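Each chain, letter by letter, is given below.
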Amino acid sequence: PASSVASRTAAGVGGPNRARIGARTLRTDRWWLPPLLTTLGLATFVIYATIRSFMRESYWVAEHHYLTPFYSPCLSDSCVPGSSHFGTPFGELPGFIPLGFLVLPFLLGFRLTCYYYRKAYYRSVWLSPPACAVAEPHARYTGETRLPLIIQNAHRYFFYVALVITLINTYDAILAFGGEAGFGVGLGNLVLLANVVLLWCYTLSCHSCRHAVGGRLKHFSKHPVRYWMWTQITKINDRHMMFAWITLGTLVLTDLYVWLVASGTITDLRFIN
Ligand code: FES
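Residues numbered from 1 in each chain as written. Predicted model: local features only at pLDDT ≥ 70, side-chain atom pairs only at ≥ 80, totals over all residues.

**Q** So what's going on with the overall build of the protein? Which residues, and what values?
**A** From N to C terminus, the protein includes nine helices and six strands. With the C-alpha coordinates aligned to their principal axes, the bounding extent of the protein is approximately 75 × 50 × 35 Å. When the 273 residues of the protein are sorted by exposure, 27% land in the buried category. In the protein, 65% of the contacts between residues at least 6 apart in sequence involve partners at least 24 apart. (Helix = DSSP H or I, 4+ residues; strand = E, 2+ residues; numbered from the N terminus. Buried ≥ 20, exposed ≤ 12 C-beta atoms within 10 Å, placed from the backbone. Contact = placed C-beta atoms within 7 Å.)

Here it is in structure tokens:
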């Protein structure tokens, strides 16, 4: 576009020390494609997860004990019998409160403050900047020093809660091997299992996890176990972005599978029993 960034703002790319370039960008490639795809991907997940969290239907397969991660742990009297693996300390919940109300804010907080997702939505949604060598529309930049973005610093605490939630999801996946007819293995078990394995990959490859395990050590040689763990986490940390996207996909697929089986739309493919 021919609009002059420099004339619109006196800061940022329009600041006195910046080159006077009239066009917003001189790039001629499709630089807008990655931010567009990222926004579409994130929006699809948010819309799906919101709809499913409020549905209160088809989240538990009684026959095979499959529980979708979006409703785990189910801790209220509103949960269908059998789906509450940790009891029901909460009474009936009004319809506008999701049954997974206790963990959903923490899961959301964990993902929202994740270093990778920050990069993704700062660029793609907030356009700050949308791509290399493309001027951003914002005149001021305060980083993560003020509200609300200063909350991003709470990521390490969300990480510890996420560890507990991943443990709970793992427990659910293990319990699912014992359905109404006793031990059995179906496609649903494999889906739940694959989901938790990948959730572990995402959670353990977290930058805060890497720091908690190996950060602030003055002598690696004096802490061989932590050093070994740190080297392993470093390897998967390299692929954190990949796990971030894969787990968004597996969470949706796992929930969708449980939804389809629980609603009777499809029957679970059984391998044993
Ligand atoms: Fe992504 Fe911690 S950096 S989950």
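**Q** Describe in detail the environment of Arg-123, supporting the description with residues and values.
**A** With respect to the helices, strands and loops of the structure, Arg-123 is situated in helix H4 (residues 115-124). We classify Arg-123 as buried; it has 20 C-beta atoms within 10 Å. Not counting the four nearest positions on each side in its chain, Arg-123 is found in contact with Pro-35, Ser-128, Pro-129 and Pro-130.

**Q** Now, about the nonpolar core: what can you tell me, with residues and values included?
**A** Residues Tyr-59, Tyr-66 and Val-258 are the most contacted members of the largest nonpolar core, which totals 24 residues. Counting only elements with at least two residues in this core, the list comes to strand S1 (60-61), strand S2 (66-67), helix H6 (187-204) and helix H9 (240-262). With residues near it in sequence (within four places) discarded, Tyr-59 still touches Leu-67, Thr-68, Phe-70, Tyr-71, Val-258 and Ala-262. Val-103, Phe-110, Phe-159 and Leu-204 belong to the second-largest nonpolar core, a separate cluster that totals 13 residues. (Core = buried A, V, L, I, M, F, W, Y, C linked by C-beta atoms within 7 Å.)

**Q** An account of H4 is needed here, citing residue identities and associated values.
**A** Of all the positions in H4, only Ala-120, Arg-123 and Ser-124 are classed as buried. Viewed end-on, H4 has its buried residues packed into an arc of 85°, placing them on one side of the element. Next to the buried residues of H4 lie helix H2 (33-55). (Arc of directions from axis to C-beta.)

**Q** Account for the packing of helix H5 (residues 155-175) against H6, naming residues and giving values.
**A** One can describe the packing of H5 onto H6 by two numbers: an axis separation of 9 Å at closest approach and a directional angle of 165°. In terms of axis orientation, H5 runs roughly antiparallel to H6. For the element pair H5 and H6, the recorded crossing hand is left-handed. In this structure, H5 uses Ala-162, Leu-163, Thr-166, Asn-169, Thr-170 and Ala-173 to contact H6, whose residues at the interface are Leu-192, Leu-193, Val-196, Leu-199, Trp-200 and Thr-203. By residue class, the composition of the contact of H5 with H6 is eight nonpolar, four polar and no charged. (Axes fitted to C-alpha atoms, helices over the stretch in contact; angles between N-to-C directions. Parallel < 35°, antiparallel > 145°, perpendicular 65-115°, else oblique. Left-handed = near helix turned anticlockwise from the far one by under 90°. Nonpolar A, V, L, I, M, F, W, Y, C, P; charged D, E, K, R; others polar.)

**Q** So what about the environment of His-138? Which residues, and what values?
**A** Here His-138 lies in the loop between H4 and H5. Considering only alpha carbons, one finds His-138 and Thr-50, 88 residues apart in sequence, at a separation of 30 Å. Those residues in contact with His-138 that sit more than four places away from it in its chain are Gly-12 and Ser-128.

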